[in-house]
Amino acid sequence: MRFTFDRDSMIKEVSIAQEIISTKNAMSILSNILLIAQNNTLTIKATDIKVNFETRIPIITEEEGTTTIFCDKFMSILSSLPSGEIEFIQNDIKVTIKPISKKVKFDLKSMASDKFPEFSSSQNIPYFDVPADQFKEMINQTIFAISDDETRYFMNGVYFEKKGDNFNMVSTDGRRLAFISKQICQGVNDFPSVIVPPKILNTVLKRAPSEGSISLAIVEKMIYIKFGNYSFSSVLLEGQFPNYTRVIPETQAYSFELNKKDLIEALKRVALLVDQKARRVYFDLNPGTLTITSQESEIGTAKEEIPCRYDGESITMAMNYMYVDEPMKVMDSERIKFEFTEPMKAVTLKSVPEDDYFHIIMPMQME
């Protein structure tokens, strides 16, 4: 096996493979990437068993072949070299990497490609296309609210469902919920509601372009995602996602509206004296003002008052400041609105004007 490749093109693809690979044990085949040189094209594959990645780059092939190589060291070698053409030569289990422009070479041991896990075929799978920018926005609005409690594995991903022409994404950790719905399924055949792990979604969010479309398919406990030269697939999470509609209030009795930037900056300052285990802050709401106070501790307290649009009775709620801060970071409106009925019932956070997403936050005990 012998071919020449462009260093920068290879680095771009191998860096994605690194995100997929979950082990750096040089003795494990799962630490390796599979390389297939054929017809002046190099196919690169990586997997952690649950998530698979495949891409192709152009090369100059002198001798076709297949091998696997330790991804982490291969990436380190590429990163140490200047841009330009690099030779890849395999003899038996030894791989030699030689840049054309430098008198240096690296020898790595390879592992037989027949030990590399086979990918499930994506041929004849019923893909459908969604706008890339809208799909990425949907991931952005939901992925941070996933539960990290592995005993509640059915909350460890984002719930995908099709309702008529609408594509819904929902995530929850039991104390907050993120929801977004976009009408991007016109003419798309029904697909089962599924729970998608965050790893593949984070990679799509980071790597997919914001123009054009992304192709999706959901088949037999797998999700397939394609864009550009990239193909990803992932095992879906099993289990029953909670009936999220039960925690979404049909109506809320009261609301207050304020500038999002004011609240983000106030929370940032007050959080300096918040107990980072409880993350509790108090929202004291009065006509025209919102006062945010940290829970009193041995260190001290912080308090800040900001203007808001509210004309109801005085009320105090305890909130996890992260549950307020994280959704605000992905909301693109200048003003936001909190809707509520009672201090201990679900609070709805929306953009102003209202968009196709919202966030539900459960208040904390006052203590």
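A brief structural summary. None of the values given here were measured: they were computed from a predicted structure.

## Describing unusual backbone geometry
Next up, step 1: Note that the residue after valine 352, namely proline 353, is joined by a cis bond; omega there is 0°.
Next up, step 2: The backbone of isoleucine 49 sits at a positive phi, close to 85°, despite the residue not being glycine.
Next up, step 3: Relative to the elements of secondary structure, isoleucine 49 occurs in the loop between strand S3 (41–47) and strand S4 (51–58).
Next up, step 4: Residues other than glycine seldom take positive phi values, yet glutamate 220 does so here, at roughly 45°.
Next up, step 5: With respect to the element layout, glutamate 220 can be found in the loop between strand S15 (213–219) and strand S16 (222–227).
Next up, step 6: Since its relative accessible area comes to 73%, glutamate 220 is described here as exposed.

## Points about the sheet that holds strand S13 (residues 176–182)
Next up, step 1: Spatially, the 8 strands line up as an open sheet ordered S14-S11-S12-S13-S25-S24-S23-S18, and their pairing is antiparallel. Strand pairing shows two members of the sheet lacking a second neighbour, strand S14 (194–196) and strand S18 (254–259), which therefore form its edges. Strand-to-strand twist of the sheet, defined as the mean angle between neighbouring strand axes without regard to direction, takes the value 25°.
Next up, step 2: Across 6 bridges, strand S12 (residues 166–172) lies against S13 in antiparallel orientation. Across the sheet, the residue bridging to methionine 169 is isoleucine 180, located in S13.

## With respect to the nonpolar core
Next up, step 1: Formed by 97 residues in total, the largest nonpolar core has its most connected members in Ile33, Phe160, Phe167, Phe256, Leu263 and Phe283.
Next up, step 2: In terms of residue count, the dominant contributor to this core is helix H1 (residues 7–20) (6 residues).
Next up, step 3: In this view, isoleucine 33 contacts Val14, Ala17, Ile21, Ile44, Lys45, Ala46, Thr67, Thr68, Ile69, Cys71, Phe74 and Phe116; residues no more than four positions away in its chain are not counted.

Analysis parameters
- Residues numbered from 1 in each chain as written.
- Predicted model: local features only at pLDDT ≥ 70, side-chain atom pairs only at ≥ 80, totals over all residues.
- Heavy atoms only, no water.
- Helix = DSSP H or I, 4+ residues; strand = E, 2+ residues; numbered from the N terminus.
- Buried < 20%, exposed > 50% of the residue type's maximum accessible area, 1.4 Å probe, protein only.
- Pairing = 2+ DSSP bridges.
- Axes fitted to C-alpha atoms, helices over the stretch in contact; angles between N-to-C directions.
- Core = buried A, V, L, I, M, F, W, Y, C linked by side-chain atoms within 4.5 Å.
- Contact = heavy atoms within 4.5 Å.

None of the figures reported here should be taken as evidence of function without further support.
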